[in-house]
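What follows is each chain in one-letter form.
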Amino acid sequence: MSNTADRLGTLIRDNLDLDHDPDLDVKFSDVAISSVEAVAFFKLVNEEFSLGLAAEECRQFETLRQLVDFIDARGG
Amino acid sequence: MLITTTEPPWWGRWREADGATILHVDLSAYAARDALAVALLDEAEQARRRRLLAARARREFALCRAALRVVLAERLGCDNSQLSFGYLEHGKPFARVDGRRAAIDFNVSHSGLHGLIAVGEHAQIGLDVEERRPRKDFEGIGSLVFSTAERQLLAAADDRSESQVFYRLWSLKEALIKAIGTGFSLAPTGIELPAAMLRGARSGEYRFAHLPAETWKLIDLGERRFAAALAYPVTLP
Ligand SMILES: CC(C)(COP(=O)(O)OP(=O)(O)OC[C@H]1O[C@@H](n2cnc3c(N)ncnc32)[C@H](O)[C@@H]1OP(=O)(O)O)[C@@H](O)C(=O)NCCC(=O)NCCS
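All values derive from a computational prediction rather than experimental measurement.

K.L.:
Can you help me understand the domain arrangement of chain B in this one?
P.N.:
It is common to give the size of an interface as the accessible area lost on bringing the parts into contact. Residues and elements named next belong to chain B. Each domain of chain B was delimited in the assignment, giving domain 1 (11–121) and domain 2 (128–235). Just the C-alpha atoms count here: the centres of domain 1 and domain 2 sit 24 Å apart. Every contact between the two is made by 19 residues of domain 1 and, on the other side, 18 residues of domain 2. Buried surface at the junction of domain 1 and domain 2, both sides included, amounts to about 1500 Å², of which 58% is carbon and sulfur. Its largest share of buried area at the contact with domain 2, domain 1 owes to W14, H90 and H114, together 31% of the area lost on that side. At the surface where domain 1 touches domain 2, the tally comes to zero salt bridges. Elements with a minimum of two residues in the side of domain 1 that touches domain 2: β1 (11–17), β2 (20–26), β6 (105–111) and β7 (114–120). Per-element tally for the side of domain 1 that touches domain 2: the top contributor is β6, with five residues.

This is the structure in structure tokens:
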């Protein structure tokens, strides 16, 4: 796993109440966390990687891998 | 506990709101209910259910979708096997009978132990329910979804009322973006809830900035167990 993926994995394990390990290629829609939870997590990701994204921009990412690629392209 | 052959329906009429019937779905975990619910789902729905990673998510989906199927089949006078669902661009489901779009609208929401289903003749219903789970980051989340006036209201709330205020605002906003079908792909901070509702009114009217000719009714359905809201258009161009 890349450094970015590791950091995201830690954020997930520390903050989301999932009964399974995060998988880079599972679709967020199949993880089915609530929208409150999703926005709360997105806020943490924004802070961890200084992304400054708005809530409506999170829908462009369908999987964790897409989010990792986006963050890496921005220079982590 | 496992209930077997005499399993009563896990849903029931909850309230009527201006032409829409709202049902409450009990999402408690009972293996027998899950089995009955899954049996009512078609192939596509069973596949969707299997893809969901958490048992909780599989249960919410199956119990709500099965209840929705029974209610729609009753209303439309068709058999469960004739019903299927299509999805709009951002995932909002609509019903089909024998492959043709049915003239009925509905919306589903689930949170914790509570599912709600709104069914009615309105063109575009949006519904949201939120159990008021305690959190430490209400203001942080609010900064990504609430307008300035809504953030001020949340900031002014004391510790005891903060979760009430947060989930009320959230459900009102989500009912609107679910009515219009965009979900969170429509910038939620740009939606300013009706001023009278920020002052506590239980219903109000709303116009999306990009759809000035349409007026939407917004109703606060919150009660002791959860925050909830319903939205639907009162005028269509
Ligand atoms: C519509 C949306 C707001 C639902 O959020 P939610 O609070 O998780 O879910 P709710 O329980 O209120 O509603 C879910 C139901 O709404 C319906 N629904 C799905 N997409 C919808 C849409 N675009 N508009 C209206 N209703 C929709 C479905 O019936 C769904 O239930 P089902 O899958 O069991 O049939 C969701 O599409 C969304 O935008 N989520 C944002 C979170 C996200 O996906 N983030 C990605 C990672 S940052």
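K.L.:
Can you walk me through the pattern of salt bridges in this structure?
P.N.:
All names here are of chain B. Applying the stated criterion across every chain yields a total of 18 salt bridges over all chains. For R33, the salt bridge identified is with D26, shortest N-O distance 3.2 Å. Residue R168 is joined to D220 by a salt bridge in which the shortest nitrogen-to-oxygen separation is 2.8 Å. Of this pair, R168 sits in helix α6 (residues 162–179) while D220 sits in strand β10 (residues 216–220), placing them 52 residues apart in sequence. Note on R168: relative accessible area 17%, which makes it buried. Residue D220 is classed as buried on the basis of its relative accessible area, which comes to 6%. Each of the salt bridges in this network shares a partner with another, and the network as a whole consists of D42, E45, R65 and R69.

K.L.:
What's the story with the layout of surface pockets in this structure? I'm lost.
P.N.:
Rolling a probe over the atoms, with the probe sized like a water molecule, indicates the empty space that remains. When its volume is computed, the second largest pocket comes out at roughly 240 Å³. Every residue lining the second largest pocket is listed: N15, L16, D17, E37, A40, F41 and L44 of chain A together with R133, P134, R135, K136 and D137 of chain B. Residue contributions to the lining of the second largest pocket peak at four residues, all from helix α3 (residues 35–48) of chain A. For the lining of the second largest pocket, a count of residues per class yields five nonpolar, one polar and six charged.

K.L.:
Can you help me understand the pairing of strand β3 (residues 83–87) of chain B in this one?
P.N.:
Sheet faces and side chains relate simply in a regular strand, where the side chains alternate between the two faces. Residue and element names in this part refer to chain B. For β3 and strand β4 (residues 93–97), the ladder comprises five bridges, and the chain directions are antiparallel. In the sheet register, G86 faces β4, and the bridge partner there is F94. Counting the residues that bridge the hairpin from β3 to β4 gives five residues, and of these G91 lies at a positive phi of roughly 100°.

Definitions and cut-offs
Residues numbered from 1 in each chain as written. Chains lettered and ligands numbered in written order. Predicted model: local features only at pLDDT ≥ 70, side-chain atom pairs only at ≥ 80, totals over all residues. Heavy atoms only, no water. Domains from an automatic or database assignment. Contact = heavy atoms within 4.5 Å. Buried area = accessible area lost by both parts, 1.4 Å probe. Salt bridge = Lys/Arg side-chain N within 4 Å of Asp/Glu carboxyl O. Helix = DSSP H or I, 4+ residues; strand = E, 2+ residues; numbered from the N terminus. Buried < 20%, exposed > 50% of the residue type's maximum accessible area, 1.4 Å probe, protein only. 1 Å grid on protein atoms, 1.4 Å probe; cavity = no way out; pocket = protein on both sides within 12 Å on 5 of 7 lines; lining within 4 Å. Points joined across faces, edges and corners; volume = space filled by probe spheres on them. Nonpolar A, V, L, I, M, F, W, Y, C, P; charged D, E, K, R; others polar. Pairing = 2+ DSSP bridges.

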